[in-house]
2 protein chains.
Amino acid sequence: MAPAQLDQLDQIIQRGRPLKRGEHLFRAADDFNSVYAVRSGALKTYVLSDEGEEQVTGFYLPGEILGMDGISTARHLSNAKSLETATVCEIPFHRLEDLSQKIPSLQHHFFGLMSKEIRADRELHMLLSKKSADDRVASLLLSLAARQQRRGLSNKRFRLPMSRYDIANYLGLAVETVSRIFTRFQQQKMLWVDGREVEILDRPALCGTGSHDSVQDA
Amino acid sequence: MAPAQLDQLDQIIQRGRPLKRGEHLFRAADDFNSVYAVRSGALKTYVLSDEGEEQVTGFYLPGEILGMDGISTARHLSNAKSLETATVCEIPFHRLEDLSQKIPSLQHHFFGLMSKEIRADRELHMLLSKKSADDRVASLLLSLAARQQRRGLSNKRFRLPMSRYDIANYLGLAVETVSRIFTRFQQQKMLWVDGREVEILDRPALCGTGSHDSVQDA
DNA sequence: CGTGCCTTTGATAACTCTCAAGAGAGGTGG
DNA sequence: CCACCTCTCTTGAGAGTTATCAAAGGCACG
């Protein structure tokens, strides 16, 4: 993309004020006007079922974009809440559309972004279809590690921005199950855990979790 | 969209030959060139895990579009296989992009389509996070019914284009579990089943499955 | 220094999977 | 046209995994 075009893009992006932990970026009822790029911190998106139960639908780390599911409805259909102090950029969608009209590479890029989101959801689907709870937790850890790496950080050691409750909810498991799996992974020397700090000690073992249950309670 | 523009869109769409049952529309290794609109019949998409196990990622009925997950990678990352005799329209993606550049409403429409795909995946996520197998099967039935309705067909009685195996795989369940649930739904007068023909007899009960387990084995 | 939330651990129960077997449907070849 | 074979679907019994219930310790925040 040419510098002049980058400038144009830059001009429509609005820097938002920092969000405190627990603060909402948008809510399900809100009009959809913008998508958001995470600059720092982390957010989760969730929906409330008819019975008022929360269902976490995604975690968003710096460099990732959220809010795209609202495009087709003119309304957000999920809530976005910050997991820790976070800053986001607001990208007014209609202006992005206008600009995409002028800059082919931007349109292409944005199509690509949405496609990537679809791909990520597909992977999540596969993850949840795997029966084993171990697989699910391992996959989430590996996913977070990969996303850390993309940001130029360690892909082994990092801090989980979300609670065990959020992890369990996201993966369709009970909190207790997640907790037990963390403990077991640690006993098996696959993972080091201290609260929300984690370090991947044996990546191949984490990847292959479930394929062979030989070392189940070693 | 103006008639002239519709014409332009129409010209880039290619009618494909009919696909027989079991035939592939594209495979995971293939270059990504087009997205496809289903005209008749039904298809499923699936991926193969490292161990060669199949994971069904979606079902596509007439009026629906598949292949969008390949946009970001220039390669298809799933396989698409027809479940019954089907016809599809091929929409060369680069030409669609070009045309979107000229026709704002087309760009908007396509953004919307992708957003809808993301939304559908979110709903699937919620479905799979619900623990209950009953909920999952019920939700799939209701989803298929709704999609039937969108095509102007009955939202109560229809034919399942996919096997129990595909349903089970898609929902992360065992075939036997799906079969048992169909039987039980029938015993509970919520559903009428004959092979792949189904009729929804008690929609509220299907919607509320799992919320109240009072009539479990009545 | 409480209070509340998060996390862990144990025991029990429920759900779903796996294994096993048989019936039905559809396609193929003799 | 029928026999045969395969694939699909159903049903049963037992085993395994995960949820639920209960309780206690740790940590952060006011």
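What you are looking at is a predicted structure, and each value in this text was computed from that prediction instead of being measured.

**Some details on the pairing of strand β7 (residues 79-82) of chain A**
Residue and element names in this part refer to chain A.
At step 1: Bridge count for strand β2 (residues 24-26) against β7 is 2 bridges, and the pairing is antiparallel. Bridge pairing in β7 places Phe 26 opposite Ala 80.
At step 2: Sheet analysis places strand β4 (residues 43-48) next to β7, joined by 4 bridges and oriented antiparallel. Bridge assignment links Tyr 46 to a residue of β7, and that residue is Asn 79.

**Observations concerning the relation of the copies chain B and chain A**
At step 1: Each copy superposes on the other: chain B lies on chain A with an RMSD of 0.0 Å after a rotation of 180 degrees and an axial shift of 0.0 Å. Taken together, the rotation and translation relating the two chain copies correspond to the operation of a two-fold axis.
At step 2: Counting the interface residues of chain B, we find that 100% of their copies in chain A are interface residues as well, pointing to one common contact surface.

**Remarks on the protein's contact with DNA strand D**
At step 1: Taken together, 17 residues form the shell around DNA strand D, and within it A:Ala133, A:Thr177, B:Arg164, B:Arg180 and B:Thr183 come nearest.
At step 2: Protein-proximal atoms of DNA strand D, defined as those within 4 Å of the protein, fall in sugar or phosphate at a share of 56%.
At step 3: At 2.6 Å, a backbone N or O of A:Ala133 approaches a phosphate oxygen of DNA strand D.
At step 4: In the model, a phosphate oxygen of DNA strand D is placed 3.2 Å from a nitrogen or oxygen of the B:Arg196 side chain.
At step 5: Elements that contribute at least two residues to the surface near DNA strand D include exactly α6 (175-187) of chain A together with α5 (164-171) and α6 (175-187) of chain B.
At step 6: Among the elements that make up the surface near DNA strand D, the one with the highest residue count is α6(B) (4 residues).
At step 7: In terms of residue class, the surface near DNA strand D is built from 4 nonpolar, 6 polar and 7 charged.

**Structural notes on empty space enclosed by the protein**
At step 1: Using the criterion set out here, one finds 2 cavities of 30 Å³ or more in the structure.
At step 2: The space that makes up the largest cavity amounts to roughly 50 Å³.
At step 3: Considering the residues around the largest cavity, the lining is formed by A:Arg122, B:Phe26, B:Thr45, B:Tyr60, B:Ile65, B:Leu66, B:Gly67, B:Met68, B:Asp69, B:Ser78 and B:Glu117.
At step 4: The residue makeup of the lining of the largest cavity, split by class, is 5 nonpolar, 3 polar and 3 charged.

**Points about α5(B)**
Residues and elements named next belong to chain B.
At step 1: The element α5 is largely enclosed, with a buried count of 6 among its 8 residues.
At step 2: For α5, the N-terminal capping position is held by Ser 163, with its side-chain oxygen 3.2 Å away from the main-chain nitrogen of Tyr 165.
At step 3: Once α5 finishes, Gly 172 follows within two positions and takes phi at roughly 75 degrees, a positive value.

**A closer look at the UniProt feature "domain: HTH crp-type" (unreviewed entry) in chain A**
At step 1: As annotated in UniProt, the feature "domain: HTH crp-type" (unreviewed entry) corresponds to residues 131-204 of chain A in the numbering used here.
At step 2: What you have in residues 131-204 of chain A is 55% helix and 15% strand, and the ends, taken at the C-alpha atoms, are 20 Å apart.

**Details of the sheet that holds strand β6 (residues 65-66) of chain B**
Strand pairing within a sheet occurs via backbone hydrogen bonds; the two strands may be parallel or antiparallel.
Residues and elements named next belong to chain B.
At step 1: The strand order across the open sheet built from 4 strands is β1-β8-β3-β6, with neighbouring strands paired in antiparallel fashion. Of all strands in the sheet, those bounded by a partner on one side alone are β1 (14-15) and β6.
At step 2: Bridge count for strand β3 (residues 34-40) against strand β8 (residues 87-92) is 6 bridges, and the pairing is antiparallel. Bridge pairing links Ser 34 to Pro 92 in β8.
At step 3: In the packing of helix α2 (residues 93-102) onto the sheet, the strands contacted are β3 and β8, and the crossing angle to β8 comes to about 60 degrees.

Calculation notes
- Residues numbered from 1 in each chain as written.
- Chains lettered and ligands numbered in written order.
- Predicted model: local features only at pLDDT ≥ 70, side-chain atom pairs only at ≥ 80, totals over all residues.
- Heavy atoms only, no water.
- Pairing = 2+ DSSP bridges.
- Helix = DSSP H or I, 4+ residues; strand = E, 2+ residues; numbered from the N terminus.
- Least-squares fit on C-alpha atoms with pLDDT ≥ 70 in both.
- Contact = heavy atoms within 4.5 Å.
- Near = heavy atom within 4 Å.
- Polar contact = N/O pair within 3.5 Å; in protein donor to acceptor, adjacent residues only side chain to side chain.
- Nonpolar A, V, L, I, M, F, W, Y, C, P; charged D, E, K, R; others polar.
- 1 Å grid on protein atoms, 1.4 Å probe; cavity = no way out; pocket = protein on both sides within 12 Å on 5 of 7 lines; lining within 4 Å.
- Points joined across faces, edges and corners; volume = space filled by probe spheres on them.
- Buried < 20%, exposed > 50% of the residue type's maximum accessible area, 1.4 Å probe, protein only.
- UniProt positions renumbered as here; feature names shortened; annotations may be inferred.
- Axes fitted to C-alpha atoms, helices over the stretch in contact; angles between N-to-C directions.

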